[in-house]
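Descriptive structure summary
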Amino acid sequence: MSNIAIAIHGGAGTITKASLTADQDKAFRAGLEKALLAGHNILKNGGDAMDAVELAVAYLEDNPLFNAGRGSVFTKEGKHEMDASIMCGKTLDAGSIAGVRNIKNPIKLARAVINHSDHVMLSSYGAEEFALNHDIEFAPERYFFNKFRYDQWTEIRDSDLFMLDHTENVDDKFGTVGAVAVDRESNVAAATSTGGMTNKRFNRIGDTPIIGSGTYANNNTCAISCTGHGEYFMRAVVAYDVSCLMEYKGYTLQQACEEVVLKKLVDLGGEGGLIAVSPAGDVALTFNSEGMYRASRINDEEPFVAIYREG
Ligand code: ASP
């Protein structure tokens, strides 16, 4: 029987042991494990990779600790604007939404774009109207209110700074959630969802909804979900570059991820990381930042959950 595998992330950045209390550390690990096991359960029961990544990401979107869905950061205007995308490695179908507001689970809307339209990407009001027509759940502004994120935003709201999530240093905070999986049929899929960057300009779009930058899946190579400073990930076309190194140069999954994240991105000045799986069930969790919230499970092996440079 072929391998099943799932990997998830909850953002990367200057996440050190000293930056989290023991309780926060525990809560992040528990949130990761819950989402991981939900997705893994689908694969274990013979379900498909698309369903597994969608569900794992929806769990992370529902957890206010992570910068996606409910835990999304504040924009310069004090609102929440979310981006998400999902891609199927078997068919190369892709669905993406950008700059949407009040959508409870943006990843479900991205999946609906595949299922109910001939388009790949919808943005802002158009995406919201599409959501209304396809029974996607909306949530009021107060659902997204989070004191911690509000305080993060008020610190810089009067400046031109915009920052990534998760750490204390304004310049190197990242937050986004993602999942990649391979199912029993050896089909791979990837999904990514984010609130973007704190104090981002209104309608600023990052790499998360850009197919090939923040998300990519192809049964010939791998499935990838990225997190980090989106502007660099877009310029480096990170997710597709990993796939290309495998497809055209014969790199292994690990080699391709290291080449892009540890060399190309570093040379460009881009901080962050990615998770990846291959159709054979290999998993890579590669980052050039201090830490990345991450978890993975292959077949029935023990779940791997980590935050800092550990394990
Ligand atoms: N990549 C996301 C963005 O630029 C942010 C993140 O991963 O934290 O919107």
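The rules we used
- Residues numbered from 1 in each chain as written.
- Predicted model: local features only at pLDDT ≥ 70, side-chain atom pairs only at ≥ 80, totals over all residues.
- Heavy atoms only, no water.
- Near = heavy atom within 4 Å.
- Polar contact = N/O pair within 3.5 Å; in protein donor to acceptor, adjacent residues only side chain to side chain.
- Areas by Shrake-Rupley, 256 points an atom, 1.4 Å probe, with all protein chains shown as cover.
- Nonpolar A, V, L, I, M, F, W, Y, C, P; charged D, E, K, R; others polar.
- pLDDT = per-residue confidence, 0-100.
- Contact = heavy atoms within 4.5 Å.
- Core = buried A, V, L, I, M, F, W, Y, C linked by side-chain atoms within 4.5 Å.
- Buried < 20%, exposed > 50% of the residue type's maximum accessible area, 1.4 Å probe, protein only.
- Helix = DSSP H or I, 4+ residues; strand = E, 2+ residues; numbered from the N terminus.
- Pairing = 2+ DSSP bridges.
- Axes fitted to C-alpha atoms, helices over the stretch in contact; angles between N-to-C directions.
- Salt bridge = Lys/Arg side-chain N within 4 Å of Asp/Glu carboxyl O.
- Parallel < 35°, antiparallel > 145°, perpendicular 65-115°, else oblique.
- Left-handed = near helix turned anticlockwise from the far one by under 90°.

**Section: the site of the ligand**
Neighbouring the ligand are 12 residues, the closest being Gly175, Thr176, Arg204, Asp207 and Gly228. Side-chain polar atom of arginine 204 to an oxygen atom of the ligand: 2.8 Å apart, as the coordinates give it. Between the ligand and aspartate 207, the relevant distance is 2.6 Å, taken from a nitrogen atom to a side-chain nitrogen or oxygen of the residue. Out of a free accessible area of 260 Å², the ligand has 100% covered by protein chains. Looking at the shell around the ligand residue by residue, the class counts come to 2 nonpolar, 8 polar and 2 charged.

**Thoughts on the confidence of the model for the protein**
Overall, the prediction assigns the protein a mean pLDDT of 92, with 92% of residues at 70 or greater. Note that residues 166–173 has pLDDT below 50 and, in this model, 27 contacts with residues that lie over four places away or in other chains.

**A word on the nonpolar core**
Judged by nonpolar contacts, the single largest core of 51 residues is most densely connected at Ile8, Leu32, Ile86, Ile97, Leu109 and Tyr293. At 8 residues, helix α2 (residues 49–62) tops the list of elements feeding residues into this core. Counting 36 residues, the second-largest nonpolar core is a separate cluster that includes Ala5, Ala236, Leu253 and Cys257.

**Here we look at the sheet that holds strand β7 (residues 215–218)**
The sheet built from 4 strands is open, its strands ordered β7-β8-β9-β10 with antiparallel pairing. Because the sheet does not close on itself, it has two edges, and the strands there are β7 and β10 (283–287). The mean inter-strand angle of the sheet, taken between neighbouring strand axes irrespective of direction, is 10°. Where strand β9 (residues 272–277) meets β10, 5 bridges bridge the pair, whose relative direction is antiparallel. Paired with glycine 273 across the strands is phenylalanine 287, a residue of β10. Its contacts with the sheet put helix α7 (residues 238–249) on β7, β8 (222–228) and β9, and the angle it makes with β8 is roughly 145°. Packed on one face of the sheet, helix α8 (residues 253–268) meets β8, β9 and β10 and runs near 15° to β10.

**Observations concerning the pattern of salt bridges**
Tallying each qualifying case throughout the model produces 10 salt bridges. For lysine 263, the salt bridge goes to glutamate 259, with nearest N and O atoms at 3.4 Å. Of this pair, lysine 263 and glutamate 259 both sit in helix α8, separated by 4 residues, roughly a single helical turn. Note on lysine 263: relative accessible area 48%, which makes it partly exposed. Linked by salt bridges that have partners in common, Asp25, Arg29 and Glu310 make up one network.

**Focus: the sheet that holds strand β3 (residues 94–100)**
One open sheet accounts for 8 strands, arranged β4-β3-β2-β6-β5-β1-β11-β12; its pairing is mixed. Among the strands making up the open sheet, the edge pair consists of β4 (121–123) and β12 (304–306). Averaged over all pairs of adjacent strands, the angle between strand axes in this sheet comes to 5°, irrespective of strand direction. The strands touched by α2 are β1 (5–13), β2 (82–88), β5 (177–182) and β6 (188–194); relative to β5, the strand with the most contacts, the crossing angle is about 155°. Running over the sheet, helix α4 (residues 124–133) touches β3 and β4 and is turned about 115° from β3.

**Section: the packing of helix α1 (residues 22–44) against α2**
Contact geometry of α1 with α2 gives a least axis separation of 8 Å together with a crossing angle of 160°. With respect to each other, α1 and α2 are oriented roughly antiparallel. Of the two possible hands of crossing, α1 and α2 adopt the one that is right-handed. In this structure, α1 contributes Gly31, Leu32, Lys34, Ala35, Ala38, Gly39, Ile42 and Leu43 to the contact, and α2 contributes Ala49, Asp51, Ala52, Leu55, Ala56, Tyr59 and Leu60.

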